[in-house]
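# Observations on chain architecture
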Amino acid sequence: MNLSVLYRGPLASCNYDCPYCPFAKRRDSRAELRADRAALDRFVDWATRNPDNDRLSVLFTPWGEGLSRSWYRDALVRLSRLPHLDRVAIQTNLACRLDWLAEADRRTVALWATYHPGQVRRETFLRRCDRLADLGVRFSVGIVGLPEHLAEARAVRAALPAEVYLWVNAAEGHRYTAGQEADWTALDPHFGYSVRPHPSAGAYCRTGDTAISVRGDGTVRRCHFVPTVLGNLYDGSYRSGLRPRPCPLAACDCHIGYVHLETLPLYEIFAGGVLERIPAQGTRSAR
């Protein structure tokens, strides 16, 4: 089968202190970092062995910043080279060196990069984007849609190549006027999917069927937001739980969740780039 895996280990540390993030400037202890590395190594070994002979796609969704840790960089390189991996991607603030990507298979590896105004100079972030383009790495760029970020978002959109998609996440708890929504939609034509929760109760979703969420200890859930355990990755017990099923929650308001809803056309919009949040040609934002 074609199986998408969203992996989230115990890593929770980040070098940024964004006011909208609960993990800002958090530090993991040495013991916590060792545990995260061991968990990731175990996951990479599982994906390499591929005991069920699946076609795999992997998105790392760490609470903290993964690419500042060598083991995440090594994991992306190693996984990108596996013949049964269609895609390996990670959510990142891009605050890391990038030359290591030269060792990865650029047909497989991709980055979901977020620009955080106030945490990094725009020019620095854009230079890193230029480096990704030079390396031939697929990537998207995003920003949280706070009012104070609008000017920065416009500047970044103007500076990025037209083929690079700029996505906007609606700020949690923020209500947008029609005019504000129009401003953000002018930058990201798909902002409307982020700006309001999607009713999901009873709606069929690919999570728990062809997409799963995996924690560092191997616990498998259908997605990051539904607590029901399907089994464990490493003993194979999750396999018997995979099947089409409706969502048990009233609504879904996070892209990594609602992108898998069968009631939304996002698999068509993001065809070939669902995990790294890159739309198909013809559906990206205009400069």
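A brief structural summary. (Residues numbered from 1 in each chain as written. Predicted model: local features only at pLDDT ≥ 70, side-chain atom pairs only at ≥ 80, totals over all residues. Heavy atoms only, no water.)

### Describing the overall build of the chain
Definition in use: Numbered from the N terminus, helices here are DSSP runs of H or I no shorter than four residues, and strands are runs of E no shorter than two. Our radius of gyration is a C-alpha quantity, and the globule rule it is checked against amounts to 2.2 Å times the number of residues to the power 0.38. Here, residues are in contact when the closest pair of their heavy atoms is within 4.5 Å. Residues counted as positive are Lys and Arg, residues counted as negative are Asp and Glu, and His and the chain ends are not counted. Each charge is placed at NZ for Lys, CZ for Arg, CG for Asp and CD for Glu.
A tally of regular secondary structure across the chain gives 8 helices and 13 strands. Taking 287 residues into account, the globule formula puts the C-alpha radius of gyration at 19 Å, and the chain, at 18 Å, falls close to it. Counting only C-alpha atoms, the chain reaches 50 × 45 × 35 Å along its principal axes. Intrachain contacts of the chain at a sequence separation of at least 6 include 68% that bridge at least 24 residues. Of the side chains in the chain, 38 bear a positive and 31 a negative charge, and the two mean positions are spaced by 2 Å.

### Observations regarding the packing of aromatic side chains
Any two aromatic rings considered together are summarised by their centre-to-centre distance and by the angle between their planes. Worth spelling out the cut-off: Pairs were defined over the aromatic rings of Phe, Tyr and Trp, the Trp ring being its six-membered one, requiring ring centres within 6.5 Å. Orientation was assigned from the angle between planes: stacked under 30 degrees, edge-to-face over 60, tilted for the rest. Three labels apply to residues, based on accessible area from a 1.4 Å probe with only protein chains included: buried if under 20% of the type maximum, exposed if over 50%, partly exposed otherwise in between. Working rule: Lys NZ or Arg CZ, within 6 Å of ring centre, within 35 degrees of ring normal, means a charge sits over the ring.
Summed over all chains, the structure comprises 10 aromatic pairs. Ring centres 6.4 Å apart and planes at 40 degrees place the aromatic pair Trp184 and Phe191 in the tilted group. With respect to class, Trp184 is no different from Phe191; both count as buried. In this structure, Arg8 packs its charged tip against the face of Trp63, placed 3.8 Å from the ring centre. Stacked on the ring of Tyr267, the Lys or Arg Arg206 has its end atom at 3.7 Å from the ring centre.

### Focus on the sheet that holds strand S6 (residues 166-170)
Under the convention used in this document: Any two strands are treated as partners once DSSP identifies two or more bridges connecting them. Think of each axis as a best-fit line through the C-alpha atoms, taken over the contacting stretch in the case of a helix, with angles from 0 to 180 degrees between the N-to-C directions.
If you trace the 9 strands from one edge of the open sheet to the other, you get S6-S5-S4-S3-S2-S1-S9-S10-S11, paired in mixed fashion. Each edge of the sheet is formed by a strand with only one pairing partner; in this case those strands are S6 and strand S11 (229-232). Geometrically, the sheet is characterised by an average inter-axis angle of 25 degrees between neighbouring strands, direction not taken into account. Bridge analysis of strand S4 (residues 109-114) against strand S5 (residues 138-145) gives 5 bridges, and the strand direction is parallel. Each residue of the ladder has a partner; that of Leu111, found in S5, is Phe139. The sheet strands contacting helix H2 (residues 70-80) are strand S2 (55-60), strand S3 (85-92) and S4, and the helix crosses S3 at an angle near 160 degrees.

### A look at helix H1 (residues 30-49)
Test applied: Helix span is expected to be 1.5 Å times the residue number reduced by one. By construction, the arc corresponds to the directions joining the helix axis to the C-beta atoms.
Taking 1.5 Å per residue as the helical rise, H1 with its 20 residues ought to reach 28 Å, and the 29 Å between its terminal C-alpha atoms agrees with that figure. Leu33, Asp36, Ala39, Leu40, Phe43, Val44, Trp46 and Ala47 are the residues of H1 that are buried. For H1, the arc enclosing every buried residue in end-on projection is 155 degrees, short of the 170-degree limit, so these residues lie on one face. The exposed set on the far side of H1, more than 90 degrees from its buried face, consists of Arg30, Arg34 and Arg49. Lining the buried residues of H1 we find strand S1 (2-8), S2 and H2. Backbone geometry just after H1 places Asn50 at a positive phi near 45 degrees.

### A few points about the packing of helix H4 (residues 150-159) against helix H5 (residues 178-187)
Worth spelling out the cut-off: Oblique is the label for any angle not under 35 degrees, not over 145, and not in the 65 to 115 range, which are roughly parallel, roughly antiparallel and roughly perpendicular in turn. Here a crossing is called left-handed whenever its near helix is offset anticlockwise from the far helix by less than a right angle, and right-handed whenever the offset is clockwise. Residues are grouped as follows: nonpolar covers Ala, Val, Leu, Ile, Met, Phe, Trp, Tyr, Cys and Pro; charged covers Asp, Glu, Lys and Arg; every other residue, Gly included, is treated as polar.
Where H4 contacts H5, the axes come no closer than 10 Å and their chain directions differ by 20 degrees. As summarised for this structure, H4 and H5 are arranged roughly parallel, according to the angle between their axes. By crossing handedness, the relation of H4 to H5 is classed as left-handed. Here H4 contributes Leu150, Ala153, Arg154 and Arg157 to the contact with H5, which in turn contributes Asp183, Trp184 and Leu187. Here the residues of the contact of H4 with H5 sort into 4 nonpolar, no polar and 3 charged.

### Observations concerning the nonpolar core
Operational definition: Here, nonpolar core refers to any group of buried Ala, Val, Leu, Ile, Met, Phe, Trp, Tyr and Cys residues whose side-chain atoms link them within 4.5 Å.
Counting residues in each nonpolar core, the largest one holds 71 residues, and the members touching the most others are Phe60 and Leu111. In terms of residue count, the dominant contributor to this core is H1 (7 residues). Setting aside residues no more than four positions away along its own chain, Leu111 makes contact with Leu67, Leu76, Ile90, Thr92, Leu94, Leu101, Leu132, Val137, Arg138, Phe139, Ser140 and Glu276. Core analysis: the second largest hydrophobic core is formed by 20 residues, Ala89, Trp112, Trp167 and Leu275 among them.

### What to know about the packing of H1 against H2
In helix packing, the relevant descriptors are the interaxial angle and the interaxial distance, both defined with respect to the helix axes. Contact geometry for H1 and H2: axes closest at 10 Å, N-to-C directions at 5 degrees. With respect to H2, the axis of H1 lies roughly parallel. Only Ser70, Trp71, Tyr72, Ala75, Arg78 and Leu79 of H2 make contact with H1, whose side of the interface consists of Leu33, Asp36, Arg37, Leu40, Val44, Asp45, Ala47 and Thr48.

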